[in-house]
Amino acid sequence: MNRRSSVHMLAAVMAAVLGLGGCMAVDGKKEDNGKPVVVVLWHSYNAVAKGAFDDLVMEFNETVGMEQGIIVEPVGYGSSNELDDVLYASASRVIGSDPLPDIFSSYPDSAYRLDGIVPLVHLDDYFSEEELAAYRPEFLKEGVWEGDGIHRMIPVAKSTEILYLNETDWETFAGDTGADKEMLKTWEGLAQAAGMYYEWSGGSPFLGMNAFNDFAALSAAQLGEGIRWTQDGPEFNYSKDTARRVWDAYYVPHIKGWYESRTYNQDGIKSGRLMAYIGSSAGAGFFPQVVIEDEKQSHPISCKSYAYPVFQDGTPYMGQRGANMAVFASDESHQQAAVRFLKWFTEPEQNIRFAVATGYLPVQEKALESVSDLVSHVESRDNVQAVEQSIGTSLTALKNHNVYVRETFGGSYDMDQIFSTSLENCVNVDLETLKQRMEKGESRESVERELLDEEHFNHWYETLLKEMAGKTDGQKIQK
């Protein structure tokens, strides 16, 4: 029997039980029809996360939900992009689309767009100030838009980007080259180490990256610039000096072959092709425990992790990832039932079990106090050593770094898209150009010189400014 069938069976049982009493209570509110309130929840958790989430939903339904006449029916989608598409279609009443859910997981920009079509519940009406104060403030702030002070989203599980290192093979590399782990803490040092590794390994990339969206925002914030919302509207501050440092930290190492961008960087570690990668703390359990050199040779490795790199003399910033949840405005009984589930799910006891089982961090301050408490919930099937490293690194970063809060306002999604894809697209196009010209017989060195010259950088920078100016009426672009 699948979980959705189980939910429907539970609904029938609850309806029969509640029918004996003739009414039900949801946070003190009475319903006269004797039926449980069914709360439909759409999310994009998959694999281990989906299993852990479904288990906790079932636990809620069989305990608190049974007592209060609430049934949460989870519906999973394969990715956040797929979920965004179906939510937008339903909100826009596209023919053939499903009715909107009561609760949905989303990123702030997407939820903002939906709120303009179908209103979201103002959660301040259901959460007390004391209850809201229990959450990590930067996590909570993502659900407040345009500085209006209204909470429309609640964080349920968070992750951050960290640097994972194959510590075992690093020791061999460092012994031969003199590379120091302190180099891994800054973008400048990381590029230097990658160049050394490229030479030492005979041309292998050192670092894998797959989330330029985070890099674009965080690198700018570390240098005191980026996209901001002001009382006069959006502005984009991005000086040429800052852009040059970002170019040197991302574009140059990719063109030189020191970095590569792939979706599954764990495979690069497992094959021994990569020494390190930047990835989500929620993926720590997937860090390989062995390097497989070929069909006959392999060796075990250990994981070391570091906080997100920072530019020299920059402000330490770390990102936050993981969707929040929001509630569509409907009727009082469904809104109260939806909020009751969100409160239960984000309480430390439940939230720690879900977060750590999936590699995420819990969202309330009380649940973030201890590494050992969090690690005790790690499933033995995971790479426990890597997960412990990830949790420790993430919690330390929360104490020593600023947590970046992506501001949400009208047009922020388009601005973020332009900003986050501009340099990444430039890298992808130029890597293909490099490949094609080398296949025609040109030397790598000659093509690299052309791609890395000042004129090429200037062209990218001016193009970015023009594109961003188109989203701010050209009024608030500062070079």
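These lines cover the structure that appears in this document, whether it is placed above or below. On a predicted model such as this, the values are computed, not experimentally measured, just so you know.

### A word on the overall build of the protein
Here is step 1: Secondary structure assignment for the protein yields 19 helices and 19 strands.
Here is step 2: The burial tally for the protein puts 54% of its 479 residues in the buried class.
Here is step 3: Sequence separation of at least 24 residues holds for 74% of the intrachain contacts in the protein that already meet a minimum separation of 6.
Here is step 4: Of the accessible surface of the protein, which amounts to about 21200 Å², a share of 47% is contributed by carbon and sulfur atoms.

### Side note on unusual backbone geometry
Here is step 1: Of note, the phi angle at Arg93 is positive, near 60°, even though the residue is not glycine.
Here is step 2: Tracing the chain through its elements places Arg93 in the loop between helix H4 (80-91) and strand S5 (103-106).
Here is step 3: Under the relative-accessibility criterion, Arg93 is labelled exposed at 75%.
Here is step 4: Positive phi outside glycine occurs at Asp313, with the angle close to 70°.
Here is step 5: Overall, the relative accessible area of 82% leaves Asp313 in the exposed class.

### A closer look at the sheet that holds strand S17 (residues 324-327)
Here is step 1: Here five strands make up an open sheet; going across it, the order is S4-S3-S5-S17-S6 and the pairing mixed. Looking at strand neighbours, the two that pair on one side only are strand S4 (70-76) and strand S6 (154-155), the edges of this open sheet.
Here is step 2: Inspection of the sheet shows S6 paired to S17 by two bridges, in the antiparallel sense. Residue Pro155 lies in a different strand from S17, and its bridge partner there is Asn324.
Here is step 3: Sheet strands in contact with helix H5 (residues 108-115) are S5 and S17, and its direction is about 135° off that of S5.

### What to know about the environment of Leu223
Here is step 1: With respect to the helices, strands and loops of the structure, Leu223 is situated in the loop between helix H10 (212-222) and strand S9 (226-230).
Here is step 2: Given the relative accessible area of 19%, Leu223 is considered buried.
Here is step 3: A C-alpha to C-alpha distance of 9.6 Å links Leu223 and Tyr317, two positions 94 residues apart in sequence.

### Observations regarding the sheet that holds strand S15 (residues 303-306)
Here is step 1: The strand order across the open sheet formed by five strands is S11-S8-S12-S7-S15, and the pairing between neighbours is mixed. In this open sheet, the two strands that pair with only one neighbour each are strand S11 (259-261) and S15. Going across the sheet, the axis of each strand differs from the next one's by a mean of 30°, ignoring polarity.
Here is step 2: Where strand S8 (residues 207-209) and S11 come together, three bridges link them in parallel fashion. For Met209, the partnering residue across the bridge sits in S11 and is Ser261.
Here is step 3: Of the strands in this sheet, strand S7 (161-166) and S15 are in contact with helix H16 (residues 384-400), which crosses S15 at around 15°.

### As for the nonpolar core
Here is step 1: By size, the foremost hydrophobic cluster in this structure holds 65 residues, and its most contacted members are Phe53, Ile103 and Phe341.
Here is step 2: Top element by residues in this core is helix H13 (residues 332-346). It accounts for seven residues.
Here is step 3: Looking at this core, you find at least three residues from each of domain 1 (35-157 + 321-376) and domain 2 (159-318 + 401-471).
Here is step 4: Core analysis: the second largest hydrophobic core is formed by 61 residues, Trp187, Trp247, Phe419 and Leu451 among them.

### What to know about the pairing of S7
Here is step 1: Burial analysis of S7 places six of its six residues in the buried class, which makes it a mostly covered element.
Here is step 2: Residue alternation in S7 divides its side chains into two sets, Glu161, Leu163 and Leu165 and Ile162, Tyr164 and Asn166, and both sets are buried.
Here is step 3: Sheet topology places S7 next to strand S12 (residues 276-280); five bridges connect them, and they run antiparallel. Counted as the bridge partner of Ile162 is Gly279 from S12.
Here is step 4: Relative to S15, S7 runs antiparallel, the two being bridged by four bridges. If you follow Asn166 over to S15, its bridge partner there is Cys303.

Definitions and cut-offs
Residues numbered from 1 in each chain as written. Predicted model: local features only at pLDDT ≥ 70, side-chain atom pairs only at ≥ 80, totals over all residues. Heavy atoms only, no water. Helix = DSSP H or I, 4+ residues; strand = E, 2+ residues; numbered from the N terminus. Buried < 20%, exposed > 50% of the residue type's maximum accessible area, 1.4 Å probe, protein only. Contact = heavy atoms within 4.5 Å. Areas by Shrake-Rupley, 256 points an atom, 1.4 Å probe, with all protein chains shown as cover. Pairing = 2+ DSSP bridges. Axes fitted to C-alpha atoms, helices over the stretch in contact; angles between N-to-C directions. Core = buried A, V, L, I, M, F, W, Y, C linked by side-chain atoms within 4.5 Å. Domains from an automatic or database assignment.

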